[in-house]
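# Chain and residue survey
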Amino acid sequence: MSDKNLNKKSNLKSEGLKETSDTLLKDSWRKLKRNKLALVGMSIVILFIIVAILAPYLTPYDPVEQLIWTEGAAVKLAPPSADHLFGTDLYGRDILTRVIYGARISLQISIAAMSISVLIGIILGTLAGYYGGIIDDIISWIINVLYAFPFLLFVIAIVAFFPPSLILTFSAISLVYWMSIARVVRGQVLSIKEKEFVEAARALGVKDWKIMFKHILPNIIAPVIVQATLGMGSIIMIEASLTYLGFGTQPPTPSWGYMISAGQGYLAQGQWWWGVFPAIAIILTVLGFNLFGDGLRDALDPKSR
Amino acid sequence: MKKKLISIILTAVLIVGLSAAVMAETDKYGGVWKDALQSNPPQMDPAQSTDTKSAEMIYQLFETLVEYDSEGNIKPLLAESWDISEDAQTYTFHLRKGVHFHAETEGGTPTANGGREVTAEDWVWTFNHITSPETKSPRAYFIDMIKGYDAYRNGETDKLAGVRAVDKYTLEVELEKPFAPFLGTLAYNTFVVMPKEDVNKWGEDWNFHPVGTGAFKFESWEQDSVVRMSRNDNYWMKDEDGNQLPYLEALEFRIIPDYTMMWEEFQIGNIYQTYVDDPFYLDAKENYPDTFFELPQLGTYYYGMNVEKEPFDDKRVRQAMNYAINREMMIELVQNGRNTPAKGIIPPTMFGYNEELEGYSYNPDKARALLAEAGYQDGFEVTLQYNTSKGHKRVAEALQAQYRQVGIDVKLQNLDWGSHLDSVERGEAAFFRMGWVADYNDPDNFLYVLLHSDNIGPEGNYARFSNERFDTLTEYARLETDPEKRKQAYQQAEKIAVEEAPWVFIYHYTTHSLVQPYVNNYELPAFGQHANLFRDVWISK
């Protein structure tokens, strides 16, 4: 165990750091491969991303075109068939197509929201952890205050205030999600800044921003990746909840949450396909991110060998 | 001996029979009526109420001079009869005797009026209260034809000159000019009798402590949760056999915002009446064939276009908006054919309805041509604002797709009812969903209220439509008393409005109500489910 630290310390100013990262990556990948559940999670996540990117090539239908106006009642809430594998909705839209395009919307929003959250979280978390004192007090206070709000209600309050749009949706989500990243970052920075290699750097007169950026950041990136992967699942859920409640993206944009809410009334009437398929999509995707995130955590943790 | 036996048997039969009859009568009494409201009623103060949820509450607690029967004809309520003068400007109401205000309210607390009898003086006070500039009633203008209204509103006089108490039970109302639908306006839920003691006692809080003469008295109102009322034991009305009404012990209206939830609650018997949303329509009709009531309603569902805002300041764009949609097919496929496609403004069951009105039919080519003529050959983008409801969303999503076919990109934005109405009234929304159900059975309530230029803004003309000829015609019809001439004026006015197209005319409402099979005497009013009364409803369960 002390082996690695020694290595780091002695190669502080050389490429040793990179080497350790390389071995860490290889090490982690070996551990991840052994974890069956994590592999399942990873496959789901990869599938989800591929589907989202290739959406137009995967289906012959248009996600917003309403077929009832041309084909009549026959395509209204039609059950799953060879033509429409997941059936059609009230307007004769192909549900499989909408689920596929829904993945695209989900991915866009969750990646955008997570990127902003990670950016804010790393900056504020590092500042708080590194400088401590009054800066830490202020940032921690903001985080604690934000944590005190009911998460979803806070997002709704922001979203309901402005005209709905995609940008508004992911901005609002990231505005409340960054603090869970910031917390992780702050905790990591607190422990790492006491390490000898940081103290050595400081003793050598290296500038603060350089220490944070070059020496601390590479060492906290693993837990941030884990937190972000796990968080993707939460963000997809939040986005679905928002659209389910009628906020966030608006029709005709295919969104899983909205499909569930629109199909809900028809569920008990025997026309289950409108609501059930998008629900399955959400469950699978969230499960995928969670399994993958858990696996990553185990794999990236240097203590669990 | 035999004679004696026979007489004993006869007596026994008689006693059994009598007690059975008595049993049957008393059987009707009792029970709590469990009902659902889709949203919290904004107002319990009759003077401030403008919407159907509030109206449903107010009709249980308060009473008007006259009311509508189930066919939409005026019938007596607190006025037993009335005379109308030759010149149609003076109405003399002969009031019912023995009508008392609620003596108790909210868990047995005595009211300020003490349960005294209603007299003509109370009506005089109430009319003065409603029309007083201080009350700021948004519905006072419904009776602005009463003599002295303007002077009283401007502060030139300290009372409404046209309303007088002739004696204890005779009320006289004098109009500035004849107004044909006057009696009908008096059936509207603002013009109820209110006890001045209680109104004054509560002041600003009167809205939360209503006291009236209705069959039920107010018990409690938990905001966004439940409204409770209990039986008024001193109610004046009796059933055909002379038994005291109402039969029900209490009323309970739970606020259930979701129609799916409402339907579930109804199916397990937690509520006795429900709104039936489109997904459950066919099931409901099949499973409750005898207690599913449906009637064409005096109401119109439309999308208003603010004629002062681009691109709707161009008549051709507004017409294109009307040609672009297939109303018939939308109603058939999305709403199970439950409503009637609208050609114009006046609903089919209302006086003055024009069967020959051409209106707009689905014609996307014509819509495209009109758009091109107006300089929008590439279409345009516009936001449709609507109040949150799955039903409105379903319609909006269907029409959105049709507008896309002619190049109009309609974005959807939903707001809660209060904020939506507010922004529409202030003229902020360019394109908005709106609906209107009759307050009284006359085209005046549609054409004059919704499209006369005097009523631009909160009074009802949300599209901010202004047309001189239309104004003249609707004003003329207000004063004219000959029904044939009025009808012609209204039909001409409607034609102008349809041609100018300040609205996308969508459909005329059908009102409905589904009650449990063990509910007796329930009657769906012609004005819509919100006007339903429970004074002689009883439950056999």
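Note that the structure is a prediction, hence the values are computed from the model and not measured.

The subject of this paragraph is a negative patch on the surface. Residues and elements named next belong to chain B. Side chains of Glu71, Glu240, Asp241, Glu523 and Asp536 sit close together on the surface and give a patch of like negative charge. Mapping aspartate 536 onto the fold places it in the loop between strand S20 (519-520) and strand S21 (538-539). By relative accessible area, which is 31% here, aspartate 536 ends up partly exposed.

So, on to the environment of asparagine 113 of chain B. Residues and elements named next belong to chain B. Within the fold, asparagine 113 resides in the loop between strand S7 (109-110) and helix H3 (120-131). With a relative accessible area of 7%, asparagine 113 lands in the buried category. Along the chain, asparagine 113 and aspartate 442 lie 329 residues apart, while their C-alpha atoms are 36 Å from each other. With residues near it in sequence (within four places) discarded, asparagine 113 still touches Phe101, His102, Pro195, Glu197, Asp198 and Val211. In this structure the side chain of asparagine 113 is engaged in a polar contact, spanning 3.2 Å, whose partner is the side chain of threonine 111. Of note is the side chain of asparagine 113, whose polar atom sits 2.8 Å from the side chain of aspartate 198.

So, on to empty space enclosed by the protein. Considering all chains together, one arrives at four cavities of 30 Å³ or more under this definition. By volume, the largest cavity is sized at about 80 Å³. Contributing to the lining of the largest cavity are Tyr91, Tyr258, Ser261, Ala262 and Trp274 of chain A together with Lys390, Lys393, Arg394 and Glu397 of chain B. Of all the elements in the fold, those that place two or more residues in the lining of the largest cavity are helix H11 (256-267) of chain A together with helix H12 (390-405) of chain B. In terms of residues, the lining of the largest cavity owes the most to one element, H12 of chain B, which gives four residues.

Before going further, it helps to spend a moment on helix H2 (residues 52-61) of chain B. All names here are of chain B. Of all 10 residues that make up H2, eight are buried, and the element is covered over most of its length. For H2, the complete set of buried residues consists of Ser54, Ala55, Glu56, Met57, Ile58, Tyr59, Gln60 and Leu61. The elements touched by buried residues of H2 are strand S1 (32-37), strand S10 (216-222), strand S11 (226-231), strand S12 (250-255) and strand S13 (273-274). Regarding H2, its N-cap is aspartate 51, as a side-chain oxygen of that residue lies 3.1 Å from the backbone nitrogen of lysine 53 further along.

With 25 residues of chain B at the contact, the number on the chain A side is 27 residues. Inspection of the region where chain B meets chain A yields one salt bridge. Ionic pairing is found between glutamate 397 of chain B and arginine 93 of chain A, a salt bridge with its closest N-O pair at 2.7 Å. At the surface where chain B touches chain A, the tally comes to eight residue pairs in polar contact (both at pLDDT 80 or more). Elements supplying a minimum of two residues to the side of chain B that touches chain A: helix H7 (259-267), helix H10 (327-334), H12 and strand S17 (408-415) of chain B.

Let's shift gears to the sheet that holds strand S9 (residues 170-174) of chain B. Residues and elements named next belong to chain B. The strand order S4-S5-S9-S8 describes an open sheet built from four strands, whose pairing is antiparallel. Strands with a single pairing partner mark the edges of an open sheet, and in this sheet they are strand S4 (79-84) and strand S8 (163-167). Neighbouring strand axes in the sheet, compared pairwise and without regard to direction, differ in orientation by 25 degrees on average. In the packing of H3 onto the sheet, the strands contacted are strand S5 (90-95), S8 and S9, and the crossing angle to S8 comes to about 175 degrees.

Here we take up the environment of arginine 297 of chain A. Residue position: arginine 297 of chain A is located in helix H12 (residues 273-300). Along the sequence, arginine 297 of chain A and alanine 74 of chain A sit 223 residues apart, while their C-alpha atoms lie 50 Å from each other.

The next thing to look at is helix H8 (residues 166-192) of chain A. For an α-helix, the turn length of 3.6 residues means that residues three or four places apart are oriented alike. For H8 of chain A, built from 27 residues, the straight-helix expectation of 39 Å at 1.5 Å per residue is met to within 8% by its first-to-last C-alpha distance of 38 Å. By the largest-angle criterion, leucine 175 of chain A marks the main kink of H8 of chain A, which is about 35 degrees.

Now for the domain arrangement of chain B. Residue and element names in this part refer to chain B. Partitioning chain B into domains gives domain 1 (32-271 + 516-539) and domain 2 (295-510). The C-alpha centroid of domain 2 is placed 30 Å from the C-alpha centroid of domain 1. In this complex, domain 1 contributes 25 residues to the contact, which on the side of domain 2 involves 23 residues. Between domain 1 and domain 2, the buried area comes to about 1,900 Å², and carbon and sulfur atoms account for 61% of it. At the boundary of domain 1 with domain 2, the tally comes to one salt bridge. For the salt bridge of arginine 478 with aspartate 144, the shortest nitrogen-to-oxygen distance reads 3.8 Å. Viewed at the interface, domain 2 and domain 1 are joined by three residue pairs in polar contact (both at pLDDT 80 or more). Looking at side-chain class alone, the side of domain 1 that touches domain 2 contains 14 nonpolar, six polar and five charged residues.

Moving on, we get to the pairing of S4 of chain B. All names here are of chain B. Sheet topology note: the S4/S5 ladder contains five bridges and is antiparallel. The partner of aspartate 83 across the bridge, within S5, is threonine 92. Hairpin remark: S4 followed by S5, antiparallel, with five residues in the connecting loop; positive phi at alanine 88, about 60 degrees.

On to the packing of H11 of chain A against H12 of chain A. When two helices pack together, you describe them by how their axes are tilted relative to each other and by the distance separating the axes. Residues and elements named next belong to chain A. At a minimum axis separation of 7 Å, H11 and H12 run at an interaxial angle of 140 degrees. As far as their axial angle goes, H12 and H11 are oblique. The way H11 lies across H12 gives a crossing that is left-handed. Contact with H11, carried on its side by Trp256, Gly257, Met259, Ile260, Ala262, Gly263, Tyr266 and Leu267, involves Trp274, Gly275, Val276, Pro278, Ala279, Ala281, Ile282 and Thr285 of H12 and no other residues of that element. When the residues that make up the contact of H11 with H12 are grouped by side-chain class, the tally is 12 nonpolar, four polar and no charged.

Now for the side chain of aspartate 45 of chain B. Mapping aspartate 45 of chain B onto the fold places it in the loop between S1 and H2. Buried within the structure, aspartate 45 of chain B lacks any salt-bridge partner; its nearest side chain of opposite charge belongs to lysine 136 of chain B, at an N-O separation of 12 Å.

This next bit is on the sheet that holds S10 of chain B. Residue and element names in this part refer to chain B. Reading across from one edge, S1-S12-S11-S10 is the order of the four strands in this open sheet, with mixed pairing throughout. At either margin of the open sheet sits one strand with a lone partner, and together these are S1 and S10. Shown here is a sheet whose adjacent strand axes are inclined to one another by a mean of 20 degrees, direction ignored. Both S11 and S12 contribute to a ladder of five bridges, which runs antiparallel. Of the residues in S12, the one forming a bridge with valine 226 is arginine 254.

Rules and cut-offs
Residues numbered from 1 in each chain as written. Chains lettered and ligands numbered in written order. Predicted model: local features only at pLDDT ≥ 70, side-chain atom pairs only at ≥ 80, totals over all residues. Heavy atoms only, no water. Patch = residues over 30% accessible without salt bridge, like charges linked within 9 Å, V, L, I, M, F, W, Y side chains within 5 Å. Areas by Shrake-Rupley, 256 points an atom, 1.4 Å probe, with all protein chains shown as cover. Salt bridge = Lys/Arg side-chain N within 4 Å of Asp/Glu carboxyl O. Lys, Arg positive; Asp, Glu negative; His and termini not counted. Charge placed at Lys NZ, Arg CZ, Asp CG, Glu CD. Helix = DSSP H or I, 4+ residues; strand = E, 2+ residues; numbered from the N terminus. Buried < 20%, exposed > 50% of the residue type's maximum accessible area, 1.4 Å probe, protein only. Contact = heavy atoms within 4.5 Å. Polar contact = N/O pair within 3.5 Å; in protein donor to acceptor, adjacent residues only side chain to side chain. 1 Å grid on protein atoms, 1.4 Å probe; cavity = no way out; pocket = protein on both sides within 12 Å on 5 of 7 lines; lining within 4 Å. Points joined across faces, edges and corners; volume = space filled by probe spheres on them. Pairing = 2+ DSSP bridges. Axes fitted to C-alpha atoms, helices over the stretch in contact; angles between N-to-C directions. Expected span 1.5 Å × (residues − 1). Bend = angle between axes of the 7 residues up to and from the residue. Domains from an automatic or database assignment. Buried area = accessible area lost by both parts, 1.4 Å probe. Nonpolar A, V, L, I, M, F, W, Y, C, P; charged D, E, K, R; others polar. Parallel < 35°, antiparallel > 145°, perpendicular 65-115°, else oblique. Left-handed = near helix turned anticlockwise from the far one by under 90°.

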